[in-house]
Amino acid sequence: MLAPIAAWAQVGPVSQLRHTAWTSDDGLGAVYNIQQTTDGFLWLTTSRGVLRFDGVRFESVEQATFGAVQDGDILSAYAPSTGGIWLTTRSAGTLRWKDGALTVYPDRRCTPAGLIGGMVAEDGAESLWFESTSGLAHLHGSSCELMGPKNGYPGGLPRAMFIDRERTIWVVSQSGILLSKSKDQSVFRPAGSGVEAQGTAIAIRQDAVGRIWIADDGGLRLLTRGVQEKDTRASARTAAPSSRNFAFANDGSLWTVTAEGVSQFAASAVAAASSVLDAAPVESFTQAQGLTSDGISALLIDREGTVWVGTNSGLDKLRASLLRELPLPHAQEHEFGVATGADGSVWVGSRMMPLTRVAPDGVAKSFPEIARLTCLRRDRNGVIWAGVAGSSAVWRSSGDGFIQIPGPAGDEQPVVALEVDRNNDPWIYTTNGLTYRMVHGAWVNQNRELKKKIAVLGAMTSDEAGNVWFAFSDSLVKWDGGAFERFSYPSGQHNISPATMSARGNRVWLAGRGGIDLFSGGQFHPMRWKGANPVGRVSGIRETANGELWINGFSGITHIAAPALANWLRDPVQGPATEHFDTLDGLPGFSGDRLPEPSLAEARDGKLWFATTKGVASLDPRTLAERRNRLQPPVTITSVAANGQTFPGWKDAVLPKHTRNLEIDYTALSLSVPERVRFRYRLEGYDKDWQEAGARRQLFYTGLPPGHYRMHVTACNNDGVWSDAGASIGLTLLPAYYQTMWFRTLCGVLLLIAGWGAYRFRMEQLATALRLRFNERLEERARLARDLHDTLLQTIQASKFATDQALERSTDMAGMKTTLQQLSEWLGRAVAEGRGALQALHTSNTETNDLAGAIRMAIAECVRSSMQVDFTVEGSARDMHPIVRDEIFRIAYEAIRNACMHADATLLTVQLRYAQDLTLRIMDNGKGIEPQVLKEGKDGHYGLSSIRERADRIGATLDLKTVQPGGTEILLTVAGKAIFLTKGS
């Protein structure tokens with residue numbers, strides 16, 4: 001059965017153009033004109049006004065200019081090569097918007113004619129030619145001049161106008177005469193003898209080599225320096241365009257508007273054209289293929305080579321797909337299998353499409369007997385093998401047909417994988433997990449030799465030498481035609497559940513739902529990725545002859561370039577750099593199942609074929625580099641919004657006080673595949689590193705502190721080319737009064753003052769409390785002294801007096817006298833001691849403090865002659881509260897006594913320092929105090945605890961420690977504010 005499909009090897013079918021459309025459903029009406037400014041934006045003159053388009057969002061002129069220009073007054077737009085945009089209006093003349101500034105040219109003579117602006121052409125900076133309401137007009141600077149007979153122009157409205165790269169202006173007069181004026185001429189002259197334009201719709205363009213072309217009712221004419229080529233009418237196959245619009249692409253190809261849609265002529269055909277453009281279009285796109293309308297008003301090829309078509313129903317975008325889909329008859333969607341023939345043919349099939357051979361000339365031949373395909377192979381001899389559902393039989397190509405080879409006896413399960421070894425013996429897997437090899441015309445089960453579990457399906461492939469490789473969940477087995485060699489996975493390595501595999505050289509690639517493994521040099525290397533796994537489940541994998549790795553999976557195609565793969569092979573721990581292709585690149589759907597397999601095949605010419613659930617597409621890796629988009633995308637910050645206020649993105653913004661929420665909108669003008677544009681941003685002064693924004697064209701900040709910032713945004717195009725320049729805008733967040741430096745400084749000063757005041761107040765409180773405690777104790781001592789004087793001393797004195805009298809009157813002179821003498825002696829001693837105690841109590845309260853003198857006396861009473869003493873007093877002595885003086889003295893006395901009696905020291909150092917605070921330091925070089933005793937004290941001894949209690953009672957800081965190499969140090973510090981009665985000098 002023969003069926004011509006398409007000559008896909010020579011002529012790209014309609015499906016090779018990637019089409020996107022915007023219509024009234026997207027807020028767009030008829031599109032009359034399309035212009036692209038130097039910053040990459042498209043400006044559309046439509047039935048709903050002039051709009052700016054970045055490939056994703058439409059904006060009105062009013063939005064784009066932030067209200068500087070009102071939408072209702074704008075008629076059309078023209079994009080000059082010198083930047084900015086020219087706008088024609090109903091009432092305000094001509095406007096130029098550039099770099100955020102609006103210039104008005106009110107002279108109505110230089111206002112383009114017509115409701116959609118008429119014709120405009122640029123002749124250098126601020127030099128425009130118009131089809132105005134009065135005829136042909138020239139605007140130079142602010143001067144407007146109408147062309148007339150004195151300028152060589154006969155008058156009237158021009159029917160066509162064009163300025164070429166040499167700045168020669170070409171004009172078709174009202175009568176159809178073609179005129180030209182070079183930059184060195186002052187008047188227009190006829191372009192040549194007999195050169196006339198025919199009809200009402202006329203267009204003039206210049207091709208890549210500088211030749212001038214005219215389209216009119218007669219078709220395309222080719223001119224050379226103003227001389228019409230003889231018989232240059234396009235042949236009938238060019239289908240003379242009804243709208244007379246055409247454009248040249250950067251590669252030299254020609255796109256024309258036809259009565260049905262648009263067509264493309266190859267660059268080679270255009271270059272070879274002389275009298276006749278003797279070629280058929282290589283691409284065509286009509287309303288039948290999805291064009292919004294065949295009423296075409298505008299045609300533009302942008303800086304990246306994308307074709308834009310304006311129709312009376314909307315806007316169409318056409319771009320060449322990276323992959324070329326193989327034209328096939330429609331069939332219910334199921335996974336396709338693919339193999340390539342030795343003669344350049346392609347073999348395809350699925351559950352619903354029988355095995356089909358598509359020849360290089362595009363003629364397809366189907367084999368209905370080979371239906372419900374499960375696997376497909378081409379062996380080393382160029383023979384095609386196929387397995388189908390419902391039978392274990394396999395099909396083998398022979399001449400122009402196939403012969404059926406019966407399957408293994410007793411096994412009717414379908415064949416899911418097959419290979420042919422170096423002995424030309426076929427091997428098969430069946431769905432019940434059995435492996436067979438044909439030996440002398442009979443199938444022999446090889447599971448035992450392979451040590452394969454029945455429940456394991458596995459995968460199978462062959463290499464260039466004819467070795468067959470088998471992959472299972474736990475091992476890899478090689479068959480070299482005579483023996484098996486087994487390689488086990490390392491223990492603990494993740495099982496990828498291999499479903500497909502391929503081999504090249506000494507490398508075997510295994511792939512499945514668990515990822516990808518490489519077997520090379522006797523070792524397994526799992527492939528890890530940078531970031532998220534880009535491949536998902538894998539249905540096909542292939543290493544090409546030039547060292548690239550291609551993967552077909554459930555998420556699309558993943559490509560690892562040769563340098564990236566080589567780097568990974570040197571260091572398998574690091575993830576390789578990848579790029580991804582999917583439906584945006586012309587892939588018809590995605591791979592959805594492992595059968596039929598394989599889903600990826602390499603032809604002998606290096607072309608790769610990918611099978612999905614929707615069809616089969618090819619890609620030539622050799623042309624990948626030349627088809628890449630190498631243009632850096634211009635980046636624009638469109639607006640900044642803060643607290644409900646919106647600011648333009650073309651100048652630095654000063655944001656209001658109390659700004660909490662900041663929103664920044666930006667875009668990148670890569671219109672080819674805007675879905676693939678990726679952004680990075682960094683807020684200088686806040687972000688330390690660049691932040692990845694992905695495809696987002698809007699970012700937010702919350703709670704930024706006041707200050708000066710600069711926002712930087714950069715982007716890459718669909719092929720990963722980053723913009724060096726990017727875009728930036730300065731942002732100043734004004735502070736509220738409470739966020740200013742002077743306010744914070746004032747608050748800091750006030751806080752310090754308040755803190756110092758609180759400290760002084762607290763110290764006064766502490767001093768007052770201590771004084772009260774000291775006064776209470778002093779009053780108590782005075783009371784005790786009074787009580788001793790009024791009671792104890794009186795009693796003792798009375799007792800002594802009575803005893804003396806009794807002695808005088810006693811008749812028992814012997815015994816009584818002895819007793820009374822002893823009693824008198826005791827009472828006398830008690831009186832003396834009582835008087836001494838009373839005298840001491842009264843002295844603390846009445847006499848001047850002499851702490852240093854008291855300490856000297858304590859040293860003199862205690863210290864042995866063999867101990868050296870160093871006693872120093874620093875500062876002027878200050879009067880202090882008597883209670884404090886006594887407590888300090890008691891602490892000093894106890895410390896000195898301990899050093900004399902227990903330390904075995906030879907040196908005692910005592911330092912008394914009067915300053916803002918009182919400091920007492922006592923050190924010896926003795927044996928020190930054991931840490932346990934120093935911490936908890938010693939049973940039956942109260943010296944250390946007494947020192948600590950006395951220090952606590954007067955609010956002092958006590959540091960008691962053993963020093964090295966030996967000795968004890970006591971440091972007592974008492975706040976002068978609390979104890980001194982007079983202020984120091």
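What counts and what doesn't
- Position labels on residues start from 1 in each chain and follow its written sequence.
- Selection of residues for local features in this predicted model requires a pLDDT of at least 70, selection of side-chain atom pairs for listing and counting requires 80 or more, and totals for whole chains, interfaces and linings are taken over all residues.
- Side-chain descriptors were evaluated using all non-hydrogen atoms of the structure, hydrogens and water having been removed beforehand.
- By definition, any uninterrupted DSSP run of H or I lasting at least four residues is a helix, any uninterrupted run of E lasting at least two residues is a strand, and each is numbered from the N terminus.
- The buried label goes to any residue with under 20% of its type's maximum accessible area, the exposed label to any with over 50%, and the partly exposed label to all in between, with areas taken from a 1.4 Å probe on protein chains only.
- Only heavy atoms enter the contact rule, under which two residues are in contact if any of them lie within 4.5 Å.
- Residue-level accessible areas treat just the shown protein chains as cover; the underlying method is Shrake-Rupley with a 1.4 Å probe.
- Within this analysis, the arc is defined by the directions that extend from the helix axis to the C-beta atoms.
- Here, nonpolar core means buried Ala, Val, Leu, Ile, Met, Phe, Trp, Tyr and Cys residues that are tied together by side-chain atoms lying within 4.5 Å of each other.
- Lines fitted to C-alpha atoms define the axes here, with helix axes fitted over just the stretch in contact, and angles between the N-to-C directions of these axes take values from 0 to 180 degrees.
- For classification purposes, angles smaller than 35 degrees are called roughly parallel, those larger than 145 roughly antiparallel, those between 65 and 115 roughly perpendicular, and all remaining angles oblique.
- Working rule for handedness: look at the near helix, and if it is turned counterclockwise from the far one by less than a right angle, call the crossing left-handed; if clockwise, right-handed.
- In this classification, Asp, Glu, Lys and Arg are treated as charged, Ala, Val, Leu, Ile, Met, Phe, Trp, Tyr, Cys and Pro as nonpolar, and every other residue, Gly included, as polar.
- Per-residue confidence from the predictor is reported as pLDDT, which spans 0 to 100.
- By this rule, a helix spans an expected 1.5 Å times one less than how many residues it contains.
- If DSSP finds at least two bridges between two strands, the strands pair.
- What counts as a salt bridge is simple: a side-chain nitrogen of Lys or Arg found within 4 Å of a carboxyl oxygen of Asp or Glu.
- A pair of aromatic rings is counted whenever rings of Phe, Tyr or Trp (Trp by its six-membered ring) have centres within 6.5 Å, and the orientation is called stacked for planes under 30 degrees apart, edge-to-face for over 60 and tilted otherwise.
- Sitting over a ring, as applied to charges here, requires NZ of Lys or CZ of Arg to be within 6 Å of the ring centre and within 35 degrees of the ring normal.
- Polar contacts, as counted here, are pairs of nitrogen or oxygen atoms within 3.5 Å of one another; within protein the pair requires one atom able to donate a hydrogen and one able to accept it, and residues that are adjacent in sequence qualify only if both atoms are side-chain atoms.
- Here the term patch refers to residues with relative accessible area over 30% and no salt bridge, with like charges joined within 9 Å and nonpolar side chains (Val, Leu, Ile, Met, Phe, Trp, Tyr) within 5 Å.

A. Main features of the overall build of the protein chain. Helices and strands together make up the secondary structure of the protein chain, namely 11 helices and 71 strands. Expressed as a percentage of the 985 residues in the protein chain, the buried residues total 49%. Put simply, 53% of the contacts in the protein chain that link residues at least 6 apart link residues at least 24 apart. Accessible surface computed for the protein chain: about 45,800 Å², of which carbon and sulfur atoms make up 51%.

B. Quick peek at helix H4 (residues 562-570). Every buried residue belonging to H4 is among Ala564, Leu565 and Trp568, and all of these are buried. Along the axis of H4, the buried positions cluster into a sector of 100°, meaning they face one direction only. Exposed and facing more than 90 degrees away from the buried side of H4 are Pro563 and Arg570.

C. Seen up close, the nonpolar core. One finds Leu851, Ile855, Ile888, Leu918 and Leu920 to be the most contacted residues of the largest nonpolar core, which totals 45 residues. Of all the secondary-structure elements, those providing two or more residues to this core are helix H5 (741-809), helix H7 (851-862), helix H8 (882-901), strand S68 (907-914), strand S69 (918-924), helix H10 (943-953), strand S71 (968-974) and helix H11 (976-979). With 10 residues, the single largest contributor to this core is H8. Once residues lying within four places of it in the same chain are set aside, the contact partners of Leu920 are Ile855, Ile888, Ala892, Val910, Gln911, Leu912, Ile970, Leu971 and Leu972.

D. Just the environment of Gly390, in detail. Examined against the element boundaries, Gly390 turns out to sit in the loop between strand S36 (384-388) and strand S37 (394-398). Gly390 gets classed as exposed once you look at its relative accessible area, which sits at 58%. C-alpha separation for the pair Gly390 and Leu373, spaced 17 residues apart in sequence, amounts to 9.9 Å.

E. Structural view of the packing of H8 against H10. Where H8 contacts H10, the two axes come as close as 9 Å, and the packing angle between them is 160°. Between H8 and H10, the angle falls in the class roughly antiparallel. The handedness of the crossing between H8 and H10 is left-handed. The residues of H10 that touch H8, namely those facing Glu887, Arg890, Ile891, Glu894 and Ala895, are Gly943, Ile947, Arg950, Ala951 and Arg953. Per-class residue counts for the contact of H8 with H10 are four nonpolar, one polar and five charged.

F. Inspection of the confidence of the model for the protein chain at higher detail. Scored by pLDDT, the protein chain comes out at a mean of 84, with 85% of its residues at no less than 70. Looking across the protein chain, the model is least confident in strand S1 (residues 2-4), with a mean pLDDT of 34, and most confident in strand S62 (residues 678-684), with 96. Segment residues 1-14: pLDDT under 50, and 44 contacts once partners within four positions in sequence are set aside and those in other chains are kept. Low pLDDT (under 50) marks residues 225-243, which in the prediction has 51 contacts with non-local residues, meaning those over four places away or in another chain.

G. Representation of unusual backbone geometry within the structure. Residue Pro598 is bonded to the preceding Glu597 through a cis peptide linkage, with omega at 10°. Here Pro598 is to be found in the loop between strand S54 (579-581) and strand S55 (600-602). Residue Pro965 is bonded to the preceding Gln964 through a cis peptide linkage, with omega at 10°. Secondary-structure assignment places Pro965 in the loop between strand S70 (957-962) and S71. One non-glycine residue, His658, lies in the positive phi region at around 65°. Tracing the backbone through its elements, the reader meets His658 in the loop between strand S60 (653-655) and strand S61 (661-668). Overall, the relative accessible area of 45% leaves His658 in the partly exposed class.

H. Representation of H7 within the structure. Between its first and last C-alpha, H7 extends 17 Å over 12 residues, near the 16 Å set by a 1.5 Å rise per residue. Of the residues making up H7, those classed as buried are Leu851, Ala852, Gly853, Ala854, Ile855, Ala858, Ile859 and Cys862. Contacts made by the buried residues of H7 are with strand S67 (868-874), H8, S68 and S69.

I. Region of interest: the side chain of Thr500. Residue placement: Thr500 occurs in strand S47 (residues 498-504). The contact partners of Thr500, leaving out residues within four places of it in the chain, are Ala459, Trp509, Leu510, Ala511, Val538, Ser539, Gly540 and Ile541.

J. Examining the sheet that holds strand S59 (residues 645-648) more closely. Reading across the sheet, the four strands line up as S59-S58-S61-S64 and stay open at both edges, with antiparallel pairing between neighbours. The open sheet has two free edges, formed respectively by S59 and strand S64 (698-702), since each of these has just one partner strand. Shown here is a sheet whose adjacent strand axes are inclined to one another by a mean of 20°, direction ignored. Of the pairings in the sheet, the one linking S61 to S64 comprises five bridges and is antiparallel in character. Within S64, the residue paired with Glu663 across the bridge is Phe700.

K. Geometry of the pattern of salt bridges. Under the definition given, this model contains 29 salt bridges. Each of Glu464, Arg504, Arg542 and Glu602 takes part in a single network of salt bridges with overlapping partners.

L. Broad picture of the packing of aromatic side chains. Taken as a whole, this structure holds 35 aromatic pairs when the rule is applied. Residues Trp347 and Phe367 carry aromatic rings whose centres are separated by 5.8 Å and whose planes lie at 20° to one another, so their mutual orientation is stacked. Remark: Phe367 occurs in strand S34 (residues 363-367) and Trp347 occurs in strand S32 (residues 346-350); sequence separation between them is 20 residues. Here Trp479 and Phe484 contribute two aromatic rings whose centre-to-centre distance is 4.7 Å and whose plane-to-plane angle is 45°, an arrangement assigned as tilted. Look at Trp479 and you get buried, because its relative accessible area is 5%. Given a relative accessible area of 28%, Phe484 falls into the partly exposed group. Taken together, the ring pairs connect Trp427, Tyr429, Phe470, Phe472, Trp479 and Phe484 into an aromatic cluster. Across from the ring centre of Phe246, 5.7 Å away, lies the NZ or CZ of Arg205, which sits over that ring.

M. Geometry of the sheet that holds S55. Within the open sheet, the four strands sit side by side as S30-S57-S56-S55. Their pairing is antiparallel. Strands at the two margins of the open sheet, each flanked by one partner only, are strand S30 (324-325) and S55. Note: strand S56 (residues 608-611) against strand S57 (residues 616-619), four bridges, orientation antiparallel. In the sheet register, Phe610 faces S57, and the bridge partner there is Ala617.

N. Fine view of the pairing of S59. Relative to S59, strand S58 (residues 635-642) runs antiparallel, the two sharing four bridges. Among the inter-strand pairings, Ala641 is bridged to a residue of S59, identified as Thr646. Hairpin remark: S58 followed by S59, antiparallel, with two residues in the connecting loop; positive phi at Asn643, about 50°.

O. Geometry of the side chain of Thr45. Within the secondary structure, Thr45 is located in strand S4 (residues 42-46). Taking the relative accessible area as the measure of exposure, Thr45 reaches 1% and is therefore buried. Reaching out from Thr45, the side chain makes a polar contact with the backbone nitrogen of Ala77 at a distance of 3.4 Å.

P. Seen up close, the packing of H7 against H8. Direction vectors running N to C along H7 and H8 enclose 25°, while the axes themselves pass 10 Å from each other. Judged by the angle between their axes, H7 and H8 are roughly parallel. When the axes of H7 and H8 are compared, the crossing they make is right-handed. Contacts between H7 and H8 involve Leu851, Ala854, Ile855, Ala858, Ile859, Glu861 and Cys862 from the first element and Arg885, Ile888, Phe889, Ala892, Tyr893, Ile896, Arg897 and Cys900 from the second.

Q. A nonpolar patch on the surface, seen in detail. Taken together, the side chains of Tyr737, Tyr738, Trp742, Leu746, Val749, Leu750 and Ile753 define a hydrophobic patch exposed on the protein surface, amounting to about 750 Å² of accessible area. Classification of Tyr738 as partly exposed rests on a relative accessible area of 38%.

R. Representation of the pairing of strand S3 (residues 31-36) in the model. Summarising the sheet, S3 and S4 pair through five bridges and their orientation is antiparallel. Along S4, the bridge assignment pairs Ile34 with Leu44. Once S3 ends, the chain turns through five residues before running back antiparallel as S4, passing Gly40 with a positive phi of about 100°.

S. View of the environment of Ile557. Structurally, Ile557 is set in strand S53 (residues 556-560). Sequence separation between Ile557 and Phe590 is 33 residues; the distance between their C-alpha atoms is 8.6 Å. Setting aside its immediate chain neighbours within four residues, Ile557 contacts Leu323, Trp550, Ile551, Asn552, Glu579, His580, Phe581, Leu587 and Phe610.

T. Highlighting the environment of Phe871. Take Phe871: it is sitting in strand S67. Taking the C-alpha atoms as reference points, Phe871 and Gln911, 40 residues apart in sequence, are found 5.9 Å from one another. Setting aside residues up to four positions removed in sequence, Phe871 forms contacts with Ala852, Ile855, Arg856, Ile859 and Val910.

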